[in-house]
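Reading the structure
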Protein chains: 2
Amino acid sequence: MEVRRVSEAVIRRMPKYYRQLQVLQAQGVERISSGKLAQMMRLNASQVRQDFNCFGGFGQQGYGYNVNTLLNEIKGILALNQTHVAIVAGAGNIGRALASFDNFEQQGFSITALFDINEELVGTQVNGKPVLNISEMEEYVKQNNVTVGIIAARRSAAQELADRMVQAGIKGIWNFAPIDVTASVPVENIHMTDSLICLTYKMFHNVG
Amino acid sequence: MEVRRVSEAVIRRMPKYYRQLQVLQAQGVERISSGKLAQMMRLNASQVRQDFNCFGGFGQQGYGYNVNTLLNEIKGILALNQTHVAIVAGAGNIGRALASFDNFEQQGFSITALFDINEELVGTQVNGKPVLNISEMEEYVKQNNVTVGIIAARRSAAQELADRMVQAGIKGIWNFAPIDVTASVPVENIHMTDSLICLTYKMFHNVG
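Residues numbered from 1 in each chain as written. Chains lettered and ligands numbered in written order. Predicted model: local features only at pLDDT ≥ 70, side-chain atom pairs only at ≥ 80, totals over all residues. Heavy atoms only, no water.

1. A look at the overall build of chain A
- Looking only at helices and strands, chain A has 9 helices and 9 strands in total.
- Along the first, second and third principal axes, the C-alpha atoms of chain A reach 60 × 45 × 35 Å.
- With 208 residues in all, chain A has 50% of them scored as buried.
- Taking all contacts inside chain A whose residues are at least 6 apart in sequence as the whole, residues at least 24 apart take part in 55%. (Helix = DSSP H or I, 4+ residues; strand = E, 2+ residues; numbered from the N terminus. Buried < 20%, exposed > 50% of the residue type's maximum accessible area, 1.4 Å probe, protein only. Contact = heavy atoms within 4.5 Å.)

Shown next, in the form of structure tokens:
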């Protein structure tokens, strides 16, 4: 399927459709209208139809969407019908939590190793995955077809790690260090504290 | 200061200004123009000025912003000049990682206890914080002026925990369970996997 010029906002909504459809499938719902789906997701129906039209549309006007078919189409678009091999650079608290989080595995992301500079961590295991010396990262990436690099290191090390990952052939970076890294491959910079700060803003300014 | 009708998009940008200004302050920068700040944050200058005008504006036209003053103003707006007491419901991998993450503490969020239903976890400690029985949560919230409730439990328990938290007097909920919870207080639902999925979408569709 040809997919082009999809806006960031649409890309951001795709995982949400995916989640909502998984819930519907689990509930045994076979068919859903764009209006009903929109309502569940607090969007409007034309928004949903527009979003799906970016990918050629998935249904027949006035007939609704088949939940299984739609879920499979979106799964394919999101490349979730294949396994992605990932590594974690940094075996501290965040790195260890990410490696322990089996939810990623269920979505097709297989974290196979962690890397750290700390000799006391190297040689240990996290959730059955080895912690290797950071100096071995590049070789490991090449040997194991790693496509996703997760950065869970301190701020000062993050950009260098991103550069090394890209050099080694990694195709996308998921960064948890508290600094935005840049790369020639797609990057998602996660700032968990931003969300917490937005929460307190709303608490203190009485935003519904 | 009176703050009203600030859009979600502006709220979302405030923590990012806060982070960028912290970097500037650490670099010893004393004054910054909206244009320069915009450039650093990949916004445009009028956007920055508009955002700040939501809060009464912070500078003199053509003269730029004093970094320290601006940082302090934003800190106040975000309620980061005070300590927020938080608890974590769920002492599994995510709950433990959150309680171990000292970054929150630095931002003024003090996680003082975790709660779990699992008797094997109750009585243990995570990063010096006690894991208490979930049945004690309400009483603890009331006794300790807890304002932020963090949900790190399984999907099926999340909404009930949210309801109990609000009943007990919690003012905002930060939810990590893989389901959106709703409440009469502000809620931030975190779906980390959504970000990972957006990353792979971009990798597979060659989105810059």
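Moving on from the model shown.
2. A look at the nonpolar core
- The biggest cluster of nonpolar side chains holds 100 residues, and the ones touching the most others in it are A:I74, A:W174, B:I74 and B:W174.
- Setting aside residues no more than four positions away along its own chain, B:W174 makes contact with A:M192, A:S195, A:L196, A:L199, B:L98, B:F104, B:G149, B:I150, B:I151, B:E188 and B:I190.
- Residues A:V85, A:I134, A:Y140 and A:L161 belong to the second largest nonpolar core, which totals 24 residues. (Core = buried A, V, L, I, M, F, W, Y, C linked by side-chain atoms within 4.5 Å.)

3. Quick look at the interface of chain B and chain A
- Each partner contributes to the interface: chain B provides 59 residues, whereas chain A provides 60 residues.
- Here chain B packs against chain A, burying approximately 5,300 Å² in sum over the two surfaces, 71% of which is carbon and sulfur.
- Summed over the shared surface of chain B and chain A, the result is 8 salt bridges.
- Here B:E8 ties to A:K202 by a salt bridge, and the two come within 3.0 Å at their closest N and O atoms.
- Contributions of two or more residues to the side of chain B that touches chain A are made by α1 (8–26), α5 (93–100), α6 (103–106), β8 (172–175), β9 (187–189) and α9 (192–204) of chain B.
- Considering every element that reaches the side of chain B that touches chain A, the biggest residue donor is α9(B), with 13 residues.
- Its residues assigned to classes, the side of chain B that touches chain A shows 34 nonpolar, 14 polar and 11 charged. (Buried area = accessible area lost by both parts, 1.4 Å probe. Salt bridge = Lys/Arg side-chain N within 4 Å of Asp/Glu carboxyl O. Nonpolar A, V, L, I, M, F, W, Y, C, P; charged D, E, K, R; others polar.)

4. Quick look at the sheet that holds strand β6 (residues 129–133) of chain B
Residues and elements named next belong to chain B.
- Pairing in this open sheet of 7 strands is mixed, and the strands run β5-β6-β4-β3-β7-β8-β9 from one edge to the other. Taken across any chain shown, the strands that pair with only one partner, and hence form the sheet edges, are β5 (125–126) and β9.
- Bridge count for strand β3 (residues 84–89) against strand β4 (residues 109–116) is 6 bridges, and the pairing is parallel. When the bridges of β4 are listed, V85 appears paired with S110. (Pairing = 2+ DSSP bridges.)

5. Examining helix α4 (residues 67–77) of chain B
- Every buried residue of α4(B) is accounted for by B:V67, B:L70, B:L71, B:I74 and B:I77. One side of α4(B) holds all its buried residues, which, seen down the axis, span an arc of 125°.
- Lining the buried residues of α4(B) we find α9 (192–204) of chain A together with α1, β1 (31–32), α2 (34–40), α3 (45–53) and β2 (65–66) of chain B.
- One side-chain oxygen at the N-terminal end of α4(B) lies 3.0 Å from the backbone nitrogen of B:N68; it belongs to B:N66.
- Two residues or fewer past α4(B), B:A79 is found with a positive phi of approximately 60°. (Arc of directions from axis to C-beta. Polar contact = N/O pair within 3.5 Å; in protein donor to acceptor, adjacent residues only side chain to side chain.)

6. Comments concerning the pattern of salt bridges
- Per the stated rule, a full pass over the model turns up 20 salt bridges over all chains.
- The partner of A:E188 in a salt bridge is A:R12, and the shortest N-O contact between them spans 2.4 Å. Note that A:E188 is positioned in strand β9 (residues 187–189) and A:R12 in helix α1 (residues 8–26), a separation of 176 residues in sequence.
- We classify A:E188 as buried; its relative accessible area is 6%.
- Overall, A:R12 belongs to the partly exposed group, its relative accessible area being 30%.
- For B:R13, the salt bridge is made with B:D51, and the minimal N-O distance between the two is 2.6 Å.

7. A closer look at the packing of aromatic side chains
- Under the defined criterion, the tally for this structure stands at 14 aromatic pairs over all chains.
- With a centroid separation of 5.3 Å and 80° between ring planes, the pair formed by A:F104 and A:W174 is classed as edge-to-face. Note that A:F104 is positioned in helix α6 (residues 102–106) and A:W174 in strand β8 (residues 172–175), a separation of 70 residues in sequence.
- Measuring from ring centre to ring centre gives 5.2 Å for B:F52 and B:Y65, while their planes differ by 80°; the resulting arrangement is edge-to-face. Placement of the pair is B:F52 in helix α3 and B:Y65 in strand β2, with a sequence separation of 13 residues. (Phe/Tyr/Trp six-rings, centres within 6.5 Å; stacked < 30°, edge-to-face > 60°.)

8. As for the side chain of B:H191
Residues and elements named next belong to chain B.
- Examined against the element boundaries, H191 turns out to sit in the loop between β9 and α9.
- Here H191 falls in the buried class, since its relative accessible area comes to 16%.
- At 2.5 Å, the side chain of H191 forms a polar contact with the side chain of D180.

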